[in-house]
Amino acid sequence: MYRANGIAEPSRTRVRNWPGVRVRKSGNRLADRRVGMNPYRVTLIEIDTALAELMAAPKRLAPGPYREGGSDVEQPFVVELDALPLLTFIEDVSRGARVYEFLTMCRPGDILNYLRVRPVAANSRLAGIFDEELKALWRKPQNRDCGDGYLALTDFDAHFRWKGDDTWPEARCWLTFREKPYWNDLLTSLLKSIRRLQEQLRLSNDHLLHDEVKRIDSGTHVRDFLPEIQRCCRSEPVAPAETKLPKKLLAAIQELIARDDVQSVSSDFIDYWFWRILVEEQLRRCELAGQKEPQSAFALSGPDGEDGNVPFSDWGGYVHTPYEGACLADLFIMPGWRHSFPESDAEGGMLTDILYPPRHGVAHEQCRFLMIKRDLGVLKCARRTEIGDGWFLYESKRPYQPNLKFGNTLVNEPFGAPESSIQFEMGCEAYGSPLLPWRQYGYLGDT
């Protein structure tokens, strides 16, 4: 029956290990929404093993052979198709990523964006199409990372068009094959499975997911205002299965952000689960305080470069991106590139004094807690706690002074504007002055 439709028998199944996904239940009280129950392995939906294997199993499609012109020589045309990007998509959704993309799938044609093909038997012209597309992938967004030797089906389809008498023989072969009932049956079947998973996803009590679904349903999601829905054909998930941070470190951070004297956090970590925990706390505080702007309730500052595909705005949160360097905050997780100067420590001094050499600089803002992956020893200005895995926590002994200079700009003042973030002595007139080579110390940048 398969061959009658031009479909060869399925080739050997190649199933990647994928996590068992279960509905994660949490308390429904707002005050109890802090992350718990293994927060860095959130699972929101479950998928049947047989369905996962079906998606990952490659199928040989045989549109050909065909003949060119008046030639009697048959040209081979066999490709391999699978829905592994669709399974990868579901993995991401189970971890709280790409939710908007998932819940807006409503047409069988949407499934086409998550199918991929690779050549099995093809003549030189067909092989050239694959080679051309594969070489051009570096010019395309990362959502076309379909795996070695594979192309997104939509990219492959784009090379074939009806042109009347001038239609290429291989195009006529492929386009005729694409009109067979097999495709409609495949897309309809997969969409039914997706709809069941969509219903299951909506039953989850996860805080971030619940808020995002409300914005999707009300048409106020940030992606509702883009010209089109970005569909990602990827062979590897965006969201990793678990955090790369040491468990002791993450546990210490969770404990600190629950404190009233931590109202802002700055870190250059590029870790999906770390930021999910912080954004969930940001939105929890925002709702409790009746704030409309997340930064006004719990200010977050991240790395000054790549964010690692963390969907802050999809979750409804806001994480400031420094223009250069790092920002100070109540909890300052010190970047590895930043130098420290324990010799600047003094009785009654500010914890931030140790970020500059003696008499070479001073920060106006304080940080309540300094988390650092090196032991600075006992300081006169702070209490020292060993976290583990090489990390240490220093708590300032000075009275707590929160960074609450938010105003309407949200991010400019709480971490230090240019005129207040760094004051240089020794007659320096500008950052980078030859009198003070600041790069050797690391830079606490402005916002």
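The shown structure was predicted, so the numbers you read here are calculated from the model rather than taken from an experiment. (Residues numbered from 1 in each chain as written. Predicted model: local features only at pLDDT ≥ 70, side-chain atom pairs only at ≥ 80, totals over all residues. Heavy atoms only, no water.)

1. Considering the packing of helix 2 (residues 84-94) against helix 7 (residues 181-202)
Stage number 1. Direction vectors running N to C along helix 2 and helix 7 enclose 5 degrees, while the axes themselves pass 12 Å from each other. As the angle between them shows, helix 2 and helix 7 are arranged roughly parallel. Across the interface between the two elements, Leu 86, Ile 90 and Val 93 of helix 2 pack against Leu 190, Ile 194, Leu 197 and Leu 201 of helix 7.
Stage number 2. The residue makeup of the contact of helix 2 with helix 7, split by class, is 7 nonpolar, no polar and no charged. (Axes fitted to C-alpha atoms, helices over the stretch in contact; angles between N-to-C directions. Helix = DSSP H or I, 4+ residues; strand = E, 2+ residues; numbered from the N terminus. Parallel < 35°, antiparallel > 145°, perpendicular 65-115°, else oblique. Contact = heavy atoms within 4.5 Å. Nonpolar A, V, L, I, M, F, W, Y, C, P; charged D, E, K, R; others polar.)

2. Digging into the sheet that holds strand 11 (residues 369-372)
Stage number 1. Taken in spatial order, the 6 strands make up an open sheet running 9-8-10-11-13-12, and their pairing is mixed. The sheet is open, and its two edges are formed by strand 9 (299-301) and strand 12 (382-388), each paired on a single side. Within the sheet, the average angular offset between the axes of one strand and its neighbour, ignoring direction, is 15 degrees.
Stage number 2. With 3 bridges joining them, strand 8 (residues 264-266) and strand 9 adopt parallel strand pairing. Bridge pairing in strand 9 links Ser 266 to Ser 301.
Stage number 3. Contacts from helix 9 (residues 247-257) reach strand 8, strand 10 (331-333), strand 11, strand 12 and strand 13 (391-396) within the one sheet, and its direction differs from that of strand 11 by about 170 degrees.
Stage number 4. Helix-sheet contacts for helix 10 (residues 272-289) involve strand 8, strand 9 and strand 10, and the interaxial angle to strand 9 is about 160 degrees. (Pairing = 2+ DSSP bridges.)

3. Remarks on the pairing of strand 6 (residues 116-122)
Stage number 1. Judged from the 6 bridges that link them, strand 5 (residues 77-82) and strand 6 form a sheet pairing that is antiparallel. Its bridge partner being in strand 6, Asp 82 is matched across the sheet by Arg 116.
Stage number 2. Two strands pair when backbone bridges link them, and strand 6 and strand 7 (residues 151-152) are joined in this way by 2 bridges, in the antiparallel orientation. From the neighbouring strand, Arg 116 faces strand 7, where its bridge partner is Ala 152.

4. Considering the nonpolar core
Stage number 1. Residues Met 55, Leu 86, Phe 102, Ile 111, Leu 115, Trp 174 and Leu 201 are the most contacted members of the largest nonpolar core, which totals 53 residues.
Stage number 2. Here this core gets 9 residues from one element, more than from any other, and that element is helix 7.
Stage number 3. Trp 174 has contacts with Pro 63, Phe 77, Val 79, Leu 153, Phe 156, Asp 157, Phe 160 and Trp 183, leaving out every residue within four places of it along the chain. (Core = buried A, V, L, I, M, F, W, Y, C linked by side-chain atoms within 4.5 Å. Buried < 20%, exposed > 50% of the residue type's maximum accessible area, 1.4 Å probe, protein only.)

5. A closer look at the pattern of salt bridges
Working definition: two side chains of opposite charge can pair if their charged atoms are close together.
Stage number 1. The full count for this structure, using the stated rule, is 21 salt bridges.
Stage number 2. The partner of Arg 116 in a salt bridge is Asp 82, and the shortest N-O contact between them spans 2.8 Å. Here the residue Arg 116 occupies a position in strand 6, and Asp 82 occupies one in strand 5, the gap between them amounting to 34 residues.
Stage number 3. Assessed through its relative accessible area of 6%, Arg 116 is described here as buried.
Stage number 4. Notably, a salt bridge pairs Asp 157 with Arg 178, separated by 2.9 Å at the nearest N-O pair. (Salt bridge = Lys/Arg side-chain N within 4 Å of Asp/Glu carboxyl O.)

6. Details of the packing of aromatic side chains
Stage number 1. In this structure the tally under the stated criterion is 17 aromatic pairs.
Stage number 2. Between Phe 89 and Phe 102 the ring centres are 5.5 Å apart and the planes differ by 80 degrees, which places this aromatic pair in the edge-to-face class. Residue Phe 89 is found in helix 2, and its partner Phe 102 is found in helix 3 (residues 99-103); the two are separated by 13 residues along the sequence. Judged on exposure class, the residue Phe 89 and its partner Phe 102 are both buried.
Stage number 3. Aromatic pair Phe 177 and Trp 183: ring centres 5.9 Å apart, planes at 80 degrees, arrangement edge-to-face.
Stage number 4. Residue classification places Trp 183 among the buried positions, given a relative accessible area of 1%.
Stage number 5. Following the ring pairs from residue to residue traces out a cluster consisting of Tyr 66, Phe 77, Phe 156, Phe 160, Trp 174, Phe 177, Tyr 182 and Trp 183.
Stage number 6. The side chain of Arg 116 reaches across the aromatic face of Tyr 150, ending 3.6 Å from its centre. (Phe/Tyr/Trp six-rings, centres within 6.5 Å; stacked < 30°, edge-to-face > 60°. Lys NZ or Arg CZ within 6 Å of the ring centre and 35° of its normal.)

7. Concerning the confidence of the model for the protein chain
Stage number 1. Mean pLDDT over the protein chain stands at 79; residues scoring 70 or higher make up 77%.
Stage number 2. Within the protein chain, no element has a lower average pLDDT than helix 13 (residues 418-421), which sits at 32, and none a higher one than helix 3, at 97.
Stage number 3. Low confidence marks residues 1-40, where pLDDT is under 50. Its contacts with residues over four positions away, or in another chain, come to 98 contacts.
Stage number 4. Predicted confidence is poor over residues 405-447, with pLDDT under 50, and the contacts of this stretch with residues over four places away or in other chains come to 102 contacts. (pLDDT = per-residue confidence, 0-100.)

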